[in-house]
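Okay, here's what each chain looks like letter by letter:
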Amino acid sequence: MRDEGASAREAPASPGRLVGMGLGCLVLAGCGVKVPSVDLPGAGWGNEGREALFENRVWLDQGADAPAGDLRIFLSDGTLVMTSCGEVYRLAPWRWIDEGTLVWEEDGKSIRADVAVIERREMALVIDPDGLNEGREYRAAEAPVVCPDRR
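Residues numbered from 1 in each chain as written. Predicted model: local features only at pLDDT ≥ 70, side-chain atom pairs only at ≥ 80, totals over all residues. Heavy atoms only, no water.

Colleague: Would you mind showing me how to read the pattern of salt bridges here?
Modeller: One side chain can pair with another of opposite charge once the charged atoms of both are near each other. The tally for this structure, following the rule as stated, stands at 8 salt bridges. Asp61 is the salt-bridge partner of Arg136, the closest N and O atoms lying 2.9 Å from each other. Linking Arg136 in strand E8 (residues 134-140) with Asp61 in strand E1 (residues 58-61), this pair joins segments that are 75 residues apart in sequence. (Salt bridge = Lys/Arg side-chain N within 4 Å of Asp/Glu carboxyl O. Helix = DSSP H or I, 4+ residues; strand = E, 2+ residues; numbered from the N terminus.)

Written as structure tokens, this is what we have:
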């Protein structure tokens, strides 16, 4: 004989029930009940020394659409160095605005970026120029690095 109570527990939740559960979570969040947020892997600055991983390092853009040798250096004095093999360099002011979020000035605009991943050899930024939320992946440069010959 089959236990009908057990089969009801094993059945997947219906779409209506899932929507109801989602609305319930929103109501609880609106009532001041803290619902935990989901972080990207590597996100957050809970560990000491993450700024040391980020600042004063040469980061090479790994995007297929990035110019050859495109790099960023976030100096701890608030200077951002940007250049590539085919462009002149740019020095721009940058600063942390909260844990894991920074902003720099470029052509009269403030560019906001969230540090999604920061490790010894890898970094990923979610850059928000004009609300586009563009993801960029970087790798730490290890000397020697030379721009490709452009002849």
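So much for the structure itself; the text now carries on.
Colleague: Would you explain unusual backbone geometry in this entry?
Modeller: Glycine aside, negative phi is the norm for most residues, and most peptide bonds take the trans geometry. The omega torsion across Ala143 and Pro144 is 0°, close enough to zero to call that bond cis. Mapped onto the elements, Pro144 comes out in the segment after E8. Positive phi, normally seen in glycine, also occurs at Asn56, with a value near 60°. Summarising the element assignment, Asn56 is placed in the loop between helix H3 (50-54) and E1. A relative accessible area of 46% places Asn56 in the partly exposed class. For Asp107, which is not glycine, the phi dihedral falls at a positive 55°. As for its placement among the helices and strands, Asp107 is situated in the loop between strand E5 (101-106) and strand E6 (109-118). (Buried < 20%, exposed > 50% of the residue type's maximum accessible area, 1.4 Å probe, protein only.)

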